[in-house]
Amino acid sequence: MQRYDVFLECANVFAFFFGKRLAIQKLALPLRKISYKHKQMAAKTKTAFVCTQCGNDSPKWLGKCPVCGEWNTYVEEVISKSTPDNIVPAMSNFDTFHSKPILLQEIETDAEVRMDMNDLELNRVLGGGLVPGSLVLIGGEPGIGKSTLVLQTVLKLPQYKTLYVSGEESAKQLKLRAERLNTSSENCFIVCETNLEKIFTHINNVKPDLVIVDSIQTVFTDRAESSPGSITQVRECSAGLLKFAKETGTPTLLIGHINKDGNIAGPKVLEHIVDTVLQFEGDQHYMYRILRNIKNRFGSTSELGIYEMRQDGLREVNNPSELLLTQNHEGLSGVAIAAAIEGVRPFLIETQGLVSTAAYGVPQRSATGFDIRRMNMLLAVLEKRAGFKLGQKDVFLNIAGGLRVNDPAMDLSVISAVLSSSLDVTIERETCVCGEVGLSGEIRPINRIEQRILEAEKLGFKRIIIPQNNLKGFDIKRLQIQIKAVKKVEEAFRELFG
Ligand SMILES: [Zn+2]
């Protein structure tokens, strides 16, 4: 721009001295040179280095990302052609919204009608159903059952016209999968397509109420030059789908793969674009699957959905406690039941500990479904407060069902289970515990104690051990269950092991 100004200035000077015609002739040459240079630059494919974690780009490779602070996350990518036209073509079959400013007091708040997914778990995780015009990402490791979950949900919604865009499986494979699920819908369209522009054409023809894209890593747009699954493609395509969802009010579900090391087409980049991120997790060898809400523009993120993987699909687990407790562990040491809360739902969960003499050198510490650092801290408290020498022992901890619970109230059950195994003394079948354990061995208060106690009572537990500080202002007279309030781990141990 500045250079151009300089030329104009020169032109004026030339015009003044030699007359207009000469000035233009003299100026034409350098101007042509400049435009030629521009063309050359545009023809060369431009590459940039993009952070796989946050999507930040840089002209040169960086070891550490200045935005998200991650190391070794930069990869080279061909960046998109700059085409000014709209990524979403005009949708003739849809009533598209045109954004215009409205007064705050004129915005209707009760207008939000959510789509009932006909699945209690999914509805809960979404915060009460699917919001029209929302873009939802369902992420998870390959093979965990994302496609099954989505296909099953779609088939349970015959009242909505659905377009299932598959880039992973053929129509035949999807049909076989649907047959295994034993449900069918007359309103589900399948299309195997990976080109975004063509997908929009199909969408415009079918005019669905719900769009599924399986998976976002297989979709590509002609606007970007890099290969499908690259960050640029994933970003461009999801941005296009977001625009479509917002303009037409059509809810869109994207399926996205997450690798263990997380360096393929960073779902982190996707997370910034979409409205809601659901993570489908669980161990492939366990039958339980957890649907966790990681980001939600339309509700809370503390919600959790639990499913059981079966031959004929996923079954909703509406009462997790009944499944998470071993039916009969009478007489077994190393088992403690915790009254935990995940999201808004209380449930009782079995914690299993195993302590054995270390056979080879360094003792092993292993935890499944629990933070290992937290476990090491709890073992240190146990050693200090209860005088148990665990230094030469292997300690294994397992939360039943392959579940990962982030509730600090699990602490007391963890140390109880470890101690029970170490002493080889059984904890009574009808006793459950909850409480956070502090560094000095004190039992700290936890949230929503009433819900935990009521759940334990409902499931037939006779006694619950809770933190002393939780008793304040709490009426225990109307409860059937016996409540033992404790201040220190020693007191809790005395209650449990006599
Ligand atoms: Zn970054």
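Refer to the preceding data block for the structure.
Rules and cut-offs
- One numbering rule holds for all chains: residues counted from 1, following each sequence as written.
- With the structure being a predicted model, the display of local features is reserved for residues of pLDDT at least 70 and the display and counting of side-chain atom pairs for 80 or more, all residues being used for whole-chain, interface and lining totals.
- Hydrogens are left out, water is left out, and the side-chain values use all remaining heavy atoms of the structure.
- Pairing of aromatic side chains requires ring centres within 6.5 Å, counting the rings of Phe and Tyr and the six-membered ring of Trp. Pairs whose planes differ by under 30 degrees are stacked, by over 60 edge-to-face, and all others tilted.
- Note on conventions: DSSP H or I runs of at least 4 residues are helices, E runs of at least 2 residues are strands, and numbering of each starts at the N terminus.
- Here's how the labels work: a residue is buried when its accessible area is under 20% of the maximum for its type, exposed when over 50%, partly exposed in between, all with a 1.4 Å probe on protein chains only.
- In this analysis, two residues are considered to be in contact whenever any of their non-hydrogen atoms come within 4.5 Å of each other.
- Whenever two N or O atoms come within 3.5 Å, that pair is a polar contact, provided that in protein one can donate a hydrogen and the other can accept it, and provided that, for residues adjacent in sequence, both atoms are side-chain atoms.
- Criterion used throughout: strands pair if DSSP finds at least two bridges between them.
- Think of each axis as a best-fit line through the C-alpha atoms, taken over the contacting stretch in the case of a helix, with angles from 0 to 180 degrees between the N-to-C directions.
- Among the buried residues, those of types Ala, Val, Leu, Ile, Met, Phe, Trp, Tyr and Cys that are joined through side-chain atoms within 4.5 Å form a nonpolar core.
- The directions from the helix axis to the C-beta atoms form the arc being described.

Peer 1: Just checking my understanding: could you explain the packing of aromatic side chains for this structure?
Peer 2: The tally for this structure, following the rule as stated, stands at three aromatic pairs. Plain terms: the ring middles of Phe 200 and Phe 244 are 5.8 Å apart, the flat faces sit at 55 degrees to each other, and that makes the pair tilted. With Phe 200 in helix H6 (residues 196-206) and Phe 244 in helix H7 (residues 231-248), this pair connects stretches of sequence that are 44 residues apart. We classify Phe 200 as buried; its relative accessible area is 0%.

Peer 1: Is there a simple way to explain unusual backbone geometry in this structure?
Peer 2: That bond from Asp 214 to Ser 215 is cis: its omega, -5 degrees, falls within 30 degrees of zero. At Asp 424, a residue that is not glycine, the phi angle is positive and equals roughly 55 degrees. Relative to the assigned elements, Asp 424 resides in the loop between helix H11 (411-423) and strand S17 (431-433). A relative accessible area of 58% means that Asp 424 is categorised as exposed.

Peer 1: What is the right way to look at the environment of Leu 412 in this model?
Peer 2: Relative to the assigned elements, Leu 412 resides in helix H11. Setting aside anything within four residues of it in sequence, one finds Leu 412 in contact with Val 433, Cys 434, Gly 435, Val 437, Ile 443, Ile 465 and Ala 492.

Peer 1: Would you mind going over the side chain of Ser 134 with me for this structure?
Peer 2: With respect to the element layout, Ser 134 can be found in the loop between helix H3 (120-126) and strand S4 (135-140). Of the polar contacts made by the side chain of Ser 134, one reaches the backbone oxygen of Val 131; its length is 2.6 Å. Ser 134 has contacts with Ala 245, Lys 246, Thr 250, Pro 251, Thr 252, Asp 275 and Phe 298, leaving out every residue within four places of it along the chain.

Peer 1: What exactly am I supposed to notice about the sheet that holds strand S6 (residues 188-192) here?
Peer 2: What holds strands together in a sheet is hydrogen bonding between their backbones, with the strands either parallel or antiparallel. Taking strand neighbours across the sheet as the criterion, the nine strands line up as S6-S5-S7-S8-S4-S9-S10-S11-S12 in an open arrangement whose pairing is mixed. Edge positions in the open sheet fall to S6 and strand S12 (313-316), since each of these has one partner strand only. With strand direction ignored, the average angle separating the axes of adjacent strands in the sheet is 25 degrees. With four bridges joining them, strand S7 (residues 210-214) and strand S8 (residues 252-257) adopt parallel strand pairing. For Val 213, the partnering residue across the bridge sits in S8 and is Leu 254. Running over the sheet, helix H4 (residues 146-155) touches S4, strand S5 (162-166), S6, S7, S8, strand S9 (276-281), strand S10 (288-296), strand S11 (304-310) and S12 and is turned about 165 degrees from S8.

Peer 1: I tried to follow the nonpolar core on my own but got confused; where do I start?
Peer 2: Across soluble globular proteins, you tend to see nonpolar side chains buried next to one another. With 41 residues, the main nonpolar core has Ile 349, Phe 370, Leu 382, Met 410, Leu 412, Ile 415 and Val 437 as its most contacted residues. Elements with a minimum of two residues in this core: S11, strand S13 (335-342), strand S14 (345-357), helix H10 (372-386), strand S16 (393-399), H11 and helix H13 (489-497). Residues contacting Phe 370, with those up to four places away along its chain left out, are Met 375, Leu 378, Leu 397, Ile 399, Arg 404, Met 410, Asp 411 and Val 414. Among the nonpolar cores identified, the runner-up in size contains 29 residues, and Met 115, Leu 130, Ile 144 and Leu 278 belong to it.

Peer 1: Help me understand H13, please; the structure alone is not making it clear to me.
Peer 2: Note on helix geometry: an α-helix contains 3.6 residues per turn, so any two residues three or four positions apart are oriented the same way. Every buried residue belonging to H13 is among Val 489, Ala 492, Phe 493, Leu 496 and Phe 497, and all of these are buried. An end-on view of H13 places all buried positions within 105 degrees of arc, on one side of the element. Where H13 ends, the next residue or the one after it, Gly 498, has phi of about 75 degrees, a positive value.

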